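Coordinates in review
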Amino acid sequence: MITSIYLSNRNIQVTLGDRGKTGQVKKSFSVQILEGSLLNGMVTDEAELTRQLEEIWSKYQLPKKNVELVVDSSRWVSKVVTAPQAKPSVILKNLPLEFADSERQEDACYDYMTLRKLPEGKLQEVMAIMGDSAYVENYCQIFQHIGVELTKMTSARTSAIKLLTPLLAPKKQTCVVMILDGSTLNSMLWLNGAFAYVNKKRLFCERGGAELGMELVRNISSMIQFHASPKSGQEVKSVYLCGVSETELVLCRDSAEAAGFSLGINRLPSPEESEIYSAGNLYEAPKDINLIQVRKKQKKADGGLKKALRFWASPLILLGVLLAGFAVIWGINFSRENTVKELDAYLMDPENLDRLSEADELEMENQALLSIVNQLEQASELVKSYPWM
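These notes cover the structure that comes with them. (Residues numbered from 1 in each chain as written. Predicted model: local features only at pLDDT ≥ 70, side-chain atom pairs only at ≥ 80, totals over all residues. Heavy atoms only, no water.)

We now examine the environment of Cys140. Residue position: Cys140 is located in helix H3 (residues 133-145). According to the relative accessible area criterion, Cys140 is buried, its value standing at 15%. Expressed as a C-alpha distance, the spacing of Cys140 and Leu69, which sit 71 residues apart in the sequence, is 9.5 Å. Excluding residues within four positions of it along the chain, Cys140 makes contact with Leu150 and Ile292. (Helix = DSSP H or I, 4+ residues; strand = E, 2+ residues; numbered from the N terminus. Buried < 20%, exposed > 50% of the residue type's maximum accessible area, 1.4 Å probe, protein only. Contact = heavy atoms within 4.5 Å.)

Right, here's the structure in full:
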C-alpha cells in the first residue's frame, strides 16, 4: 500500500491506497497544521514541521514505508513541451534545453510526465519540470528524522492532471477546473478533454466571504477570454471547483450570475476532490515524475565519477610527473639547441670568417717574427761567448 502525502501552508492531505489507472483509494483525509512552518512549498521552520509530521504519524498510525510526497513548490519550474516519442533517457537528456530561458538553478534536476500522444508524427506532449536538488534532499532528511523513507517526490499539478484526465477526457469536455488550497488558487483550462493550461495565483481575500466569489469569477473570465476562445473555438460552459465549502460554492454561482455568465458551476464529481493532489498521485501515467529517483541516479553517476577519479588518481599523478619531467628536459634541450644554432650562425658569418682569416695570417706573421727574434737572441749569446783576444 502507498501512503501519499501532500503538504501545503496550513493543510496536509493524506491518501492511502494502491496505484492504478484510476487510482485505488482506500482512505483519504486532510489535517490542519499550524501556519508558519511552510510557505509555498518552502520549509520555513524545519523543527516545527518535523514535530507536526511526527505527531500526525503517531496519531493516525501511518505506514513508514512506501511513502510518496506531493508538493506545490515555487522552487519548481514546469511547462508543457513537445517531445519525440523516444526513450525516457533521451528525453531527459534534452530537458535542460527546454529551460534555457528560465532562471538557472545551481544543482538542478529534471523530469517529466507524459500528457498525450500527438497525431502529427511520432511526437508527444509532456509536462516537464526543473527542480532544485537541495530542496529534494531537504525533504528527504526531514522525513528521515521521523523514521520515514520517501520513495517518490512529485508535482501537485501533475497529480491533479492524472486524476482529472479520466473524468474529463471521455466526454471531451472544455471547462475550467479551479483548485483552492488555503489562499492558493490553481486554475486549469481543459480543451476537448485535454489539459491545456494552468495558472497559479494567491488570493488576498478571506475564505468564505463575498469577495471570494467575485475573485473566482474574475479568474474564470480571464481563463475563458484569453485562452479558450481563440485557440479552440470551443465555448467554456462548465466550471468545476475543488476544495471549497458549500457556502463558497454558492458565492461563486451568485457572483457568476451577477456578472452575466451562463455557466454550470459545480463541485468536481469525484470523492477525492478535497484531496485531489494526494489522491491524484495514485493514478498511473505512462511516464510519471519522481525527483527522488532522478536525484538518486544523479548521485550514483556522481559517485561513479568520483570512484573513477580515485582509481585513476595515482596513474594520472605519475603521468603528470613524467610529463612535467619531459617538459623540463625538452626545455633544457630546446635552450641548448638554440645556443648551438646561435654559435653556428656566428661562426659561419662571412664577416666573422674574414676576421678569422686575418687573425690566422697575423698569427703566422707573429710566429715568423718570433722565430727571427729567437735566432737573433741565439746569435747574440754566441757572440758573447766568443773569446776576445
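Our next topic: the nonpolar core. Ranked by size, the top nonpolar core spans 58 residues in total, and within it Tyr139, Phe143 and Val177 carry the most contacts. Beyond its immediate sequence surroundings of up to four residues, Val177 is in contact with Leu164, Leu168, Asn186, Ser187, Met188, Trp190, Tyr240 and Cys242. (Core = buried A, V, L, I, M, F, W, Y, C linked by side-chain atoms within 4.5 Å.)

Another point: the side chain of Glu248. Mapped onto the fold, Glu248 is located in helix H6 (residues 246-258). A polar side-chain atom of Glu248 sits 3.1 Å from the main-chain amide nitrogen of Gly208. Not counting the four nearest positions on each side in its chain, Glu248 is found in contact with Arg207, Gly208, Leu212 and Gly243. (Polar contact = N/O pair within 3.5 Å; in protein donor to acceptor, adjacent residues only side chain to side chain.)

Before going further, it helps to spend a moment on the sheet that holds strand E13 (residues 194-202). The strand order E13-E12-E11-E14-E15 describes an open sheet built from five strands, whose pairing is mixed. One side of each edge strand has no neighbouring strand; the edge strands of this open sheet are E13 and strand E15 (264-267). For this sheet, the mean angle separating the axes of adjacent strands, direction not counted, is 20 degrees. Where strand E12 (residues 184-191) meets E13, eight bridges bridge the pair, whose relative direction is antiparallel. Residue Met188 lies in a different strand from E13, and its bridge partner there is Val198. H6 rests against strand E14 (238-242) and E15 of the sheet, and its axis sits at about 175 degrees to E15. (Pairing = 2+ DSSP bridges. Axes fitted to C-alpha atoms, helices over the stretch in contact; angles between N-to-C directions.)

Now for helix H1 (residues 46-60). Its 15 residues place the ends of H1 21 Å apart at the C-alpha level, agreeing with the 21 Å of an ideal helix rising 1.5 Å per residue. Along H1, the residues that are buried comprise Leu49, Thr50, Gln52, Leu53, Ile56 and Trp57. Angular distribution of buried residues about the axis of H1 spans 165 degrees; they occupy a single face of the element. Opposite the buried face of H1, by more than 90 degrees, sit the exposed residues Ala47 and Lys59. (Expected span 1.5 Å × (residues − 1). Arc of directions from axis to C-beta.)

Before going further, it helps to examine the environment of Met188. Residue position: Met188 is located in strand E12. The class of Met188 is buried, set by a relative accessible area of 1%. Placed 13 residues apart in sequence, Met188 and Cys175 show a C-alpha to C-alpha distance of 8.4 Å.

Okay, the packing of aromatic side chains next. According to the stated counting rule, one finds seven aromatic pairs in the structure shown. Ring centres of Trp190 and Phe195 lie 5.9 Å apart, and the angle between their planes is 75 degrees; this geometry places the pair in the edge-to-face category. The exposure classification of Trp190 matches that of Phe195, with both residues buried. Site record: aromatic cluster; members linked through ring pairs are Trp76, Tyr135 and Tyr139. We note Lys79 situated over the ring of Phe99; from NZ or CZ to the ring centre the distance is 5.3 Å. Here Lys287 stacks its cationic end above the ring of Tyr112, 4.6 Å away from the centre of that ring. (Phe/Tyr/Trp six-rings, centres within 6.5 Å; stacked < 30°, edge-to-face > 60°. Lys NZ or Arg CZ within 6 Å of the ring centre and 35° of its normal.)

Without other data, these values stay purely geometric and don't point to any function.
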